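Inside the fold
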Amino acid sequence: MRTRITNIVLPATGVVCLGLIWTLLAANVKDLPSPLKTWQESKIYILQPLEKRGEMDQGILLLAYYSLLRVGKGFLLGALIGTPLGFLLGLSKTFSRMFDPVIQVLRPISPLAWLPLGLIVFQKSEPAALFTIALCSMWPTVINTMSGVKSIPQEYWNVAKVLRLSKFQTFTKVLAPATLPYMFTGYRLSLGIAWLVIVASEMLTGTPGVGGFLWQEYNSLIYAHILLCILTIGVVGFLLDRMMGYIEMRLRAI
Amino acid sequence: MTFVEIRNVSKSFSSSRSVRHVLKEVNLIVEEGEFVSVVGFTGSGKTTLLNIAAGLSQPDTGYVKINGKEVNGIHHDAAVVFQNYSLLPWFSALENVRLAVGAAFPKWERNRQLAQAEKYLEKVGLGHALHRRPSQLSGGMRQRVAIARAFAAEPSILFLDEPFNALDALTRSNLQQELARLCSEAAKPVTTIMITNNLDEALLLSDQIVPMTRGPAAKLGTPINVRLAKPRTESQLLHDPTAVRIRSEVVEFLSDFIHARPRESQWIPPTAQAAQAVEEQI
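Below is a short write-up of the structure.

**Some details on the overall build of chain B**
Counting its secondary structure elements, chain B contains nine helices and 10 strands. Computed over its C-alpha atoms, the radius of gyration of chain B comes to 19 Å, within 12% of the 19 Å expected for a compact globule of 282 residues. Each of the 282 residues in chain B was classed as buried or not, and the buried ones make up 55%. Just so you have it, chain B exposes about 12600 Å², and 49% of that area is on carbon and sulfur atoms.

See below:
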């Protein structure tokens with residue numbers, strides 16, 4: 001009984017509280033739609049989530065799908081670059097000394113700063129968006145993989161030596177499995193950042209997706225749809241994090 | 001025939017502040033098929049010596065020869081049992097052992113390697129736990145896997161680094177007997193160097209006991225022959241006059257360097273604790 005209260009009732013109370021604050025604010029702030037108004041104006045997007053009516057005028061799941069696809073590509077690109085980079089940094093002291101300052105400088109740069117550069121270099125919005133997502137999201141992967149490699153206990157290296165494993169075997173049998181949980185912590189954080197970046201990049205490039213839709217509806221003065229997008233972004237981000245957290249937990253259990 | 005020759009081996013570790021001499025001009029000769037135990041206090045540099053002998057680390061001066069050839073990296077016919085089991089946690093017991101078999105017999109087919117691994121796991125009484133992960137095994141079972149892993153490679157030289165240190169007394173004495181049995185059953189003679197802080201364990205298993213002074217700059221004492229028929233039992237060693245004499249000889253040698261109670265092997269003098277801390281950092 002008590003678990004049911006803590007698992008369902010308490011979170012539900014939190015949601016209701018947020019709804020009340022939102023309603024209160026909406027009553028006092030001009031142009032801020034109330035929850036009810038948001039629902040009324042957005043329900044067509046939620047009730048027909050896969051409907052395609054125009055370039056931007058699409059069901060919310062379809063829009064989220066476009067965004068997820070873009071995030072997936074960008075994140076994958078970042079992971080493909082970030083994971084080997086993390087291994088190199090973890091294995092070689094020279095390499096680590098050489099590139100550590102560079103990474104520390106590149107890491108805090110905002111996606112909004114990278115995007116114009118991407119547009120200049122690639123001339124097109126789609127590759128520019130991927131470039132920005134990859135570049136912004138790969139750092140947790142790099143850093144976690146690196147620290148994973150560095151924290152492999154000496155005994156595992158000794159086992160690899162005693163068993164006279166080849167370089168390739170040492171990688172597949174010792175290095176990779178020992179680093180895997182760290183890598184996935186990195187992937188989870190990276191995916192979270194990639195999802196943050198998507199909105200900014202879609203806003204600036206005007207590509208179809210949740211972020212692009214948000215910006216277009218802002219320009220069309222349909223404010224209820226902005227709230228719909230915000231909620232969608234939050235829910236999808238939460239689900240992504242839960243999914244990665246689950247994979248990570250399974251890996252740590254080994 | 002001399003099989004292992006450790007000559008004038010010195011080793012020191014330096015940090016930014018100081019240099020710590022761990023071993024100083026250590027010499028040791030081991031004949032083929034012999035079981036030699038190096039007995040000393042925790043933190044005296046025994047593990048450093050074993051790592052150098054096994055080829056896991058390099059000496060500053062001196063050399064180690066196995067079968068007449070200078071050691072450079074792990075010898076192709078050597079196996080090591082570590083104090084902390086050192087099994088790979090993401091593989092089953094069987095796969096942990098098979099990896100060692102694969103390293104020793106790379107030309108064998110996978111099935112034959114698996115059969116060999118299974119055979120040795122059965123020898124140490126783990127036939128029922130082949131597919132368990134190390135985390136699903138008790139400490140004693142893990143060390144059994146580690147011992148099976150060492151013997152499954154059919155090594156001609158075996159290095160044991162305080163193999164039973166982490167185990168409770170009962171498990172310890174069971175495993176000691178099993179180790180003695182595996183050594184005697186081996187197809188070809190196994191030359192063994194064991195590092196231990198337990199004199200009774202050394203008496204039970206060894207042909208020769210070499211006392212080691214406490215570091216820094218640890219040295220080896222004169223080897224003492226243990227001329228007692230094998231297999232030996234613990235109760236026999238308690239009263240056997242030869243065993244009693246050897247025990248007092250070793251104790252006398254070690255207490256010349258420090259007032260200690262070597263019989264109670266787990267007791268670590270305060271200074272040795274500090275030394276151990278240093279060694280662990282290394």
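**Some points on the overall build of chain A**
Each helix and strand counted, chain A has 10 helices and zero strands in total. Reading chain A from its N terminus to its C terminus gives the helix and strand order α-α-α-α-α-α-α-α-α-α. Counting over 254 residues, chain A shows a buried share of 42%. Taking all contacts inside chain A whose residues are at least 6 apart in sequence as the whole, residues at least 24 apart take part in 67%. Looking at chain A as shown, the accessible area adds up to about 14200 Å², and 70% of this sits on carbon and sulfur atoms.

**Notes on the pairing of strand 7 (residues 157-161) of chain B**
Residues and elements named next belong to chain B. With five of five residues buried, strand 7 lies mostly within the body of the structure. Burial along strand 7 is two-sided: Ile157, Phe159 and Asp161 and Leu158 and Leu160, pointing in opposite directions, are all buried. Examined bridge by bridge, strand 7 and strand 8 (residues 191-196) share five bridges and lie parallel to one another. Along strand 8, the bridge assignment pairs leucine 158 with threonine 192. In this region the chain leaves strand 7, passes through helix 5 (residues 169-185) and returns to the parallel neighbour strand 8; the handedness of that crossover is right-handed.

**Some details on the packing of helix 3 (residues 60-91) of chain A against helix 4 (residues 93-106) of chain A**
Residues and elements named next belong to chain A. Taken N-terminus to C-terminus, the directions of helix 3 and helix 4 make an angle of 125°; their axes are 6 Å apart at the nearest point. By the angle between their axes, helix 3 is oblique relative to helix 4. Touching Leu85, Leu88, Leu89 and Leu91 of helix 3 are Lys93, Phe95, Ser96, Phe99 and Ile103, all from helix 4. Each residue belonging to the contact of helix 3 with helix 4 can be placed in one class, and the counts come to seven nonpolar, one polar and one charged.

**Observations regarding the interface of chain B and chain A**
Tallying the contact residues gives 22 residues for chain B and 14 residues for chain A. Together chain B and chain A conceal approximately 1700 Å² of surface at their shared face, both sides included; 66% is due to carbon and sulfur atoms. For the pair chain B and chain A, the interface holds one salt bridge. With a shortest N-O distance of 3.9 Å, glutamate 95 of chain B and lysine 173 of chain A are connected by a salt bridge. At the junction of chain B and chain A, the tally comes to five residue pairs in polar contact (both at pLDDT 80 or more). Mapped by element, the contributors of at least two residues to the side of chain B that touches chain A are strand 6 (78-81) and helix 2 (93-104) of chain B.

**So, the sheet that holds strand 4 (residues 61-66) of chain B**
All names here are of chain B. Pairing is antiparallel across the open sheet formed by four strands, whose spatial order is 2-1-4-5. This sheet does not close on itself; its edge strands, each paired only once, are strand 2 (19-31) and strand 5 (69-70). The sheet strands contacting helix 1 (residues 46-54) are strand 1 (2-14), strand 2 and strand 4, and the helix crosses strand 1 at an angle near 125°.

**Let's talk about the environment of alanine 148 of chain B**
Residue and element names in this part refer to chain B. Here alanine 148 shows up in helix 4 (residues 139-152). Each C-alpha atom of the pair alanine 148 and alanine 93 lies 9.5 Å from the other, and the pair is 55 residues apart in sequence. What alanine 148 contacts, discounting residues up to four positions off in sequence, is Val97, Tyr120, Leu121 and Val124.

**Looking at unusual backbone geometry**
Backbone phi values are negative for most residues with the exception of glycine, while trans is the configuration of most peptide bonds. All names here are of chain B. With a phi angle near 45°, glutamate 25 is a residue other than glycine that sits in the positive phi range. A positive phi angle, near 65°, is found at tyrosine 85, a position not held by glycine. Note on placement: tyrosine 85 falls in the loop between strand 6 and helix 2. The class for tyrosine 85 is buried, based on a relative accessible area of 13%.

**As for the pattern of salt bridges**
Summed over all chains, the structure comprises 17 salt bridges over all chains. In this structure, the salt-bridge partner of arginine 172 of chain B is glutamate 201 of chain B, at a minimum N-O distance of 3.3 Å. On the criterion of sequence distance, the pair formed by arginine 172 of chain B in helix 5 and glutamate 201 of chain B in helix 6 (residues 199-205) is long-range, its members being 29 residues apart. We note that arginine 172 of chain B, like glutamate 201 of chain B, is buried. Residues participating in the shared-partner salt-bridge network are Lys173 of chain A together with Glu95, Arg98 and Arg110 of chain B.

**A word on the nonpolar core**
One finds Val4, Ile6, Leu23, Leu88, Phe159 and Leu220 of chain B to be the most contacted residues of the largest nonpolar core, which totals 80 residues. The greatest single-element share of this core, amounting to 12 residues, is contributed by helix 8 (residues 167-205) of chain A. In this structure valine 4 of chain B touches Leu28, Ile29, Val30, Val64, Lys65, Ile66, Ile157, Thr191 and Ile193 of chain B, once residues within four positions along its chain are discounted. Of all hydrophobic cores here, the second largest spans 53 residues; its members include Val124, Met141, Leu179 and Leu203 of chain B.

Criteria and cut-off values
- Residues numbered from 1 in each chain as written.
- Chains lettered and ligands numbered in written order.
- Predicted model: local features only at pLDDT ≥ 70, side-chain atom pairs only at ≥ 80, totals over all residues.
- Heavy atoms only, no water.
- Helix = DSSP H or I, 4+ residues; strand = E, 2+ residues; numbered from the N terminus.
- Rg over C-alpha atoms; globule rule 2.2 N^0.38 Å.
- Buried < 20%, exposed > 50% of the residue type's maximum accessible area, 1.4 Å probe, protein only.
- Areas by Shrake-Rupley, 256 points an atom, 1.4 Å probe, with all protein chains shown as cover.
- Contact = heavy atoms within 4.5 Å.
- Pairing = 2+ DSSP bridges.
- Right-handed = clockwise from strand over helix to strand, strands pointing away.
- Axes fitted to C-alpha atoms, helices over the stretch in contact; angles between N-to-C directions.
- Parallel < 35°, antiparallel > 145°, perpendicular 65-115°, else oblique.
- Nonpolar A, V, L, I, M, F, W, Y, C, P; charged D, E, K, R; others polar.
- Buried area = accessible area lost by both parts, 1.4 Å probe.
- Salt bridge = Lys/Arg side-chain N within 4 Å of Asp/Glu carboxyl O.
- Polar contact = N/O pair within 3.5 Å; in protein donor to acceptor, adjacent residues only side chain to side chain.
- Core = buried A, V, L, I, M, F, W, Y, C linked by side-chain atoms within 4.5 Å.

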